[in-house]
Amino acid sequence: MKFALAGNPNCGKTTLFNTLTGSTAHVGNWPGVTVDKREGTYKKLGEKIDIVDLPGIYSLSPYTPEEVVSRNFIVDEHPDCIINVVDATNLERNLYLTTQLLEIDVPVIIALNMIDVVRQRGTTILVQELESKLNVPVVEISALKGEGIDAMMKKAYSCARVKRVGQTVIENKDLVNLIEKTKDEFAGKVSSPLFHAIKLIENDELEVKNHQDILADVKTMKNRIDTGDFAGDFEAVVADERYKYITKNFEKTIIRKNGEEKETKSDKIDKVLTHRIWSIPIFLVIMFFVFHLVFSEDLFFLNSIFGLEVSSKGWVNFFTGMGYEDLLAEALEAGEAFTGISIPSPGVFLQSWMGWLTGSVIDLVAGVLPEGTWYTGFIVDGFLTGIDSIFSFIPQVLLLFLFISILEDSGYMARVAFIMDRAFRKFGLSGKSFIPLLMGFGCSVPAMIATKTLEDEKERDLTIRLTPFFSCGAKAPIWAMLASVVAGHFLGDIFVFSIYLFGIVIAIVAAIIMKVFGKTKEVPPFIMELPAYHRPQAKNLLAHLWEKFKHFLYKASTIITASIILIWFLSNFGWAFWKGMVEIEDSILADLGRVLKVVFYPLGWAMGADGWKYSVASITGLIAKEDVVATMASLGLEEGTISLSNAAIYAFAVYNLFTLPCFAAVATAKSESSKKGFRVTIAWWLTASYVISLAVYWVGKLCELSWIVGLLVILVLIAAIVLVGLYASGKLKAKEAK
Amino acid sequence: MEKYLNEFLVNEEGKVKKIEAEGKIKRRLFDMGVTPGANIRLKKLAPLGDPIEVTIRGYELTLRKDEANKILMEVVK
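This structure is a prediction, so every number in the text was calculated from the model and none was measured.

Core analysis: the largest hydrophobic core is formed by 120 residues, its most contacted members being Phe283(A), Leu466(A), Phe469(A), Phe495(A), Trp605(A), Met632(A) and Ile642(A). With 11 residues, helix α30 (residues 646–658) of chain A is the largest single contributor of residues to this core. The next biggest cluster of nonpolar side chains, apart from the first, holds 66 residues, and it includes Leu91(A), Ile115(A), Leu134(A) and Ala38(B).

Structure follows, in structure tokens:
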């Protein structure tokens, strides 16, 4: 048997799903869309029952992929029973979806979730009354506390054996008449004729498209009905009927003890978190701590402020994943005494130990295999090193994700969107895209996964497209190395800072450009529930993280591993690959670099004898961005041997900032974007990086020749951008006016 | 007195008279319970003045002023 869970977002469906299915849950995508499909089994009834968790929706209209998926599943795949999860603390709006589900010819039972909270407030819901009104079983449950779950399943099980015919709550006589007649036309053609009939009357896009034959009749019938104030808007008439029914019948089923007007806990929290002045600073502080706990080498600045260091061998090994010997050797090489290290953040701590783990595995395997053979190279330097580069950032990615999930589960993320929306709308984004973009400073992979919360597909694609422009943690080593090269001329930290700033500015400009020249005129609506705050559930969080982890390994690792092995092959073999491995200078990759050098020539950094090396470094950077530095070092390009001009160095930095991110991020982008959006994204990254790098080099070159001319050109460029911006905003206004 | 929801002051309350939005936005408003007759109270404005937060049918809803400008209200208090 197959049961489907349906309900509004934030109704506790996920918690119920996890309670029902435990470890059997698995996640996939619905065919053709990026909406999560979660399935699992419930085993306590003798017969195994498949549970399908439909996405959280407010109605069965076809405006979001979630709605289409749920609707198609219920109407076409005939689950044996729908368990409609209803947030008992918010009955009125939740029952709106229920009135639609009842119209389908499938057994339905209603699970009044969060009944414990309702009771705590001293409120009683008259279940029998509800049952007799809705004509389907109603059970009280608390998914969180595990109350009433088995009873619910038993009831659903017995329900599933009895055929049910859809019913509607609509009472208006003319409308009922119309529905009956329309239903007759559908009879025999589709399952759930009542549902199709009402949707067609509502002028539902999908129905109109699929049932043109019936539409004409319905239109004539509609014309005979007087809809009063609604002026023939049947969508409004139907919605109105549903809500009328709900208010009329269910006010009586709720008995409130103490007036309810009391300020809720959420109201109190919101007084602080969405405060007119403090909300933004509070948000920034929260985000700062999230990043601090994931990426900082100096936890709570204990070292910088209080000078707290650990130096004993045991503790250093503990905090660095057995790195004491290496640190000692490093200090010795630099001619300094080893004094100690700062206590790292949990993220850095976990990353060190992950490094130790993968490093040990690689050493172990390398120790067993014979030295110098091609297959040792393949396994150790190709395959295992590839796996290592994926795993090395998993602890931080997951930790970052954990924090974001906590913020999301608690209900705070909806408030962030509320706070930030105004600032982001100008760029064709909504407040919701702020979090993913901000996460981009940490790592593009979780950032792109976080775009799942964006409802609008276009906005999701755009956000993914902009994410790599927010320089991620793995790019930092490139800036650090290049900064040390240019530091002789001007300050290194200004160089690094300017790179970050450049990324943000270009992201903003890019968003505006895409908004102006994009085909969509419509801004995605921002009509969103601010759910009541609640404590995040450890069980849900862990289930969520585990899903992400599996999803990532499964989806991304295949592409990543394959790409890494390919690059390993290209960099270790010459065209006559059967003759065995060669030094990187003689490899296929080096030759590719020499070819690409021609392409990159106008960008400045590919000029000169070393040009191919930079090309090669930007290719290996696709494995992981820090590999740019590693490759350059292995090709002999380090501080002191880099002979590029400042303009070329800056152009090189900018190129690496804007070009394709690492394979892991590319793979994530692929799985999170629409098909077409992904292709545009790839083209966009390649073009943007090339054009911007080109501009940076030649403007920089001019500046080197003559400051005045350079400055003039920069001013002209800025003026041009402003003019284009003004023109664009004018055009936009005209567009909106239409 | 009639006015649009975006012109409401904080704590002002009213009943929805008419939804003037179209397509996706209209549908979304209906789905969220913004239908003629529904009671709405303006709870607060976002720090930058937009969007707004309202209480409707016992829960908190946020929407932009652009969208609120399409909801005609009858002021109650």
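The next subject is the domain arrangement of chain A. All names here are of chain A. We note that the domain assignment places domain 1 (2–159) and domain 2 (173–255) within chain A. Here domain 1 and domain 2 have C-alpha centroids that lie 24 Å from each other. On the side of domain 2, 24 residues touch domain 1, which itself brings 26 residues to the contact. Put simply, domain 1 and domain 2 have 3 salt bridges between them. The partner of arginine 71 in a salt bridge is glutamate 207, with the nearest N and O atoms 3.2 Å apart. Counting every contact that joins domain 1 to domain 2 gives 8 residue pairs in polar contact (both at pLDDT 80 or more). Those elements giving two or more residues to the side of domain 1 that touches domain 2 turn out to be α2 (65–76), α3 (91–101), β7 (124–125) and α5 (127–134). Looking at the side of domain 1 that touches domain 2, the element that brings in the most residues is α3, giving 7 residues. For the side of domain 1 that touches domain 2, a count of residues per class yields 12 nonpolar, 7 polar and 7 charged.

This next bit is on the interface of chain A and chain B. A common way to state how big an interface is: give the accessible area lost once the parts meet. Counting residues at the interface gives 46 residues for chain A and 33 residues for chain B. Linking chain A to chain B there are 9 salt bridges. Where Arg425(A) meets Asp50(B), a salt bridge forms, and the shortest distance between an N and an O atom there is 2.9 Å. Mapped by element, the contributors of at least two residues to the side of chain A that touches chain B are α3, α11 (234–250), α12 (265–273), α13 (279–295), α20 (412–425) and β10 (527–529) of chain A. Among the residues making up the side of chain A that touches chain B, the classes are represented as 19 nonpolar, 9 polar and 18 charged. Direction of pairing for β10(A) relative to strand β5 (residues 59–63) of chain B: antiparallel, over a ladder of 3 bridges. Paired with Met528(A) across the bridge in β5(B) is Thr62(B).

Here the focus is the pattern of salt bridges. Counted according to the given criterion, the structure contains 36 salt bridges over all chains. Between Asp240(A) and Lys244(A) there is a salt bridge, and its shortest N-O distance comes to 3.1 Å. With Asp240(A) and Lys244(A) both in helix α11 and 4 residues apart, the pair spans about one turn of that helix. Among the residues examined, Asp240(A) registers a relative accessible area of 7% and is labelled buried. The salt bridge partner of Glu53(B) is Lys43(B), with a shortest N-O separation of 3.9 Å. With Glu53(B) in strand β4 (residues 52–56) and Lys43(B) in strand β3 (residues 39–45), this pair connects stretches of sequence that are 10 residues apart. Taking relative accessible area as the criterion, Glu53(B) reaches 1% and is therefore assigned buried. For Lys43(B), a relative accessible area of 17% translates into the label buried. Connected via shared salt-bridge partners are Glu103(A), Lys199(A), Glu202(A), Asp233(A), Glu235(A), Arg242(A), Lys26(B), Arg27(B) and Asp31(B).

We now examine a nonpolar patch on the surface. A cluster of nonpolar side chains, contributed by Trp707(A), Ile708(A), Leu711(A), Leu712(A), Ile714(A), Leu715(A), Ile718(A), Val722(A), Leu723(A) and Leu726(A), occupies part of the molecular surface with about 1,100 Å² of accessible area. Take Leu715(A): it is sitting in helix α33 (residues 707–737).

Between its terminal C-alpha atoms helix α25 (residues 492–517) of chain A stretches 37 Å, which fits the 38 Å expected from 26 residues at 1.5 Å a residue. Buried residues of α25(A): Gly492(A), Phe495(A), Ile499(A), Gly503(A), Ile506(A), Ala507(A), Ala510(A), Ala511(A), Met514(A), Lys515(A) and Val516(A), and no others.

Residues and elements named next belong to chain B. Looking at chain B as a whole, the pLDDT averages 92, with 100% of positions reaching at least 70. Put simply, helix α1 (residues 23–31) is where chain B has its lowest mean pLDDT, 89, and β4 is where it has its highest, 95. Across the interface, the model reports ipTM at 0.95; the global pTM reads 0.81.

Residue and element names in this part refer to chain B. Counting buried positions along β4 gives 4 out of 5 residues, so the element sits mostly inside the fold. Here β3 folds back onto β4 in antiparallel fashion, the turn holding 6 residues, of which glycine 49 has a positive phi close to 90°. In the sheet, β4 pairs with β5 via 5 bridges, with the strands oriented antiparallel. Considered in β5, the bridge of isoleucine 56 is made with tyrosine 59. Here β4 folds back onto β5, and the loop between the two strands holds 2 residues, one of which, arginine 57, carries a positive phi near 45°.

Cut-off values and rules
- Think of each chain on its own: its residues are numbered from 1, step by step along the sequence as written.
- Here every chain gets a letter starting at A, and every ligand a number starting at 1, in the order they are written.
- Given that the model is predicted, a residue must reach a pLDDT of at least 70 before its local features are reported, and side-chain atom pairs must reach 80 or more before they are shown or counted; all residues, however, enter totals for whole chains, interfaces and linings.
- The basis for every side-chain value is the complete set of heavy atoms in the structure, and neither hydrogens nor water enter the calculation.
- Put simply, a nonpolar core is a bunch of buried Ala, Val, Leu, Ile, Met, Phe, Trp, Tyr and Cys residues held in one set by side-chain atoms that sit within 4.5 Å of each other.
- Burial classes: relative accessible area under 20% of the type maximum marks a residue as buried, over 50% as exposed, and values in between as partly exposed (1.4 Å probe, protein chains only).
- Runs of E in the DSSP output that reach at least two residues are strands. Runs of H or I that reach at least four are helices, and both are numbered from the N terminus.
- Reported domain spans reflect what an automatic or database domain assignment gives.
- For this analysis, residues touch if any pair of their heavy atoms sits within 4.5 Å.
- One speaks of a salt bridge when a side-chain nitrogen belonging to Lys or Arg is within 4 Å of a carboxyl oxygen belonging to Asp or Glu.
- Distance and chemistry together define a polar contact, namely a pair of N or O atoms within 3.5 Å, with one atom able to donate a hydrogen and the other to accept it when in protein, and with adjacent residues in sequence counting only for side-chain atoms on both sides.
- Basically, the charged four are Asp, Glu, Lys and Arg, the nonpolar ten are Ala, Val, Leu, Ile, Met, Phe, Trp, Tyr, Cys and Pro, and anything else, Gly included, counts as polar.
- Strands qualify as paired when DSSP identifies two bridges or more between them.
- Two distance rules govern patches: like charges are joined within 9 Å, and nonpolar side chains (Val, Leu, Ile, Met, Phe, Trp, Tyr) within 5 Å, applied only to residues with over 30% relative accessible area and no salt bridge.
- Methods summary: accessible areas were calculated by the Shrake-Rupley approach with a probe of 1.4 Å, and residue burial reflects only the protein chains presented.
- What a helix is expected to span follows from its residue count: subtract one and scale by 1.5 Å.
- What pLDDT conveys is the predictor's confidence in a given residue, as a value from 0 to 100.

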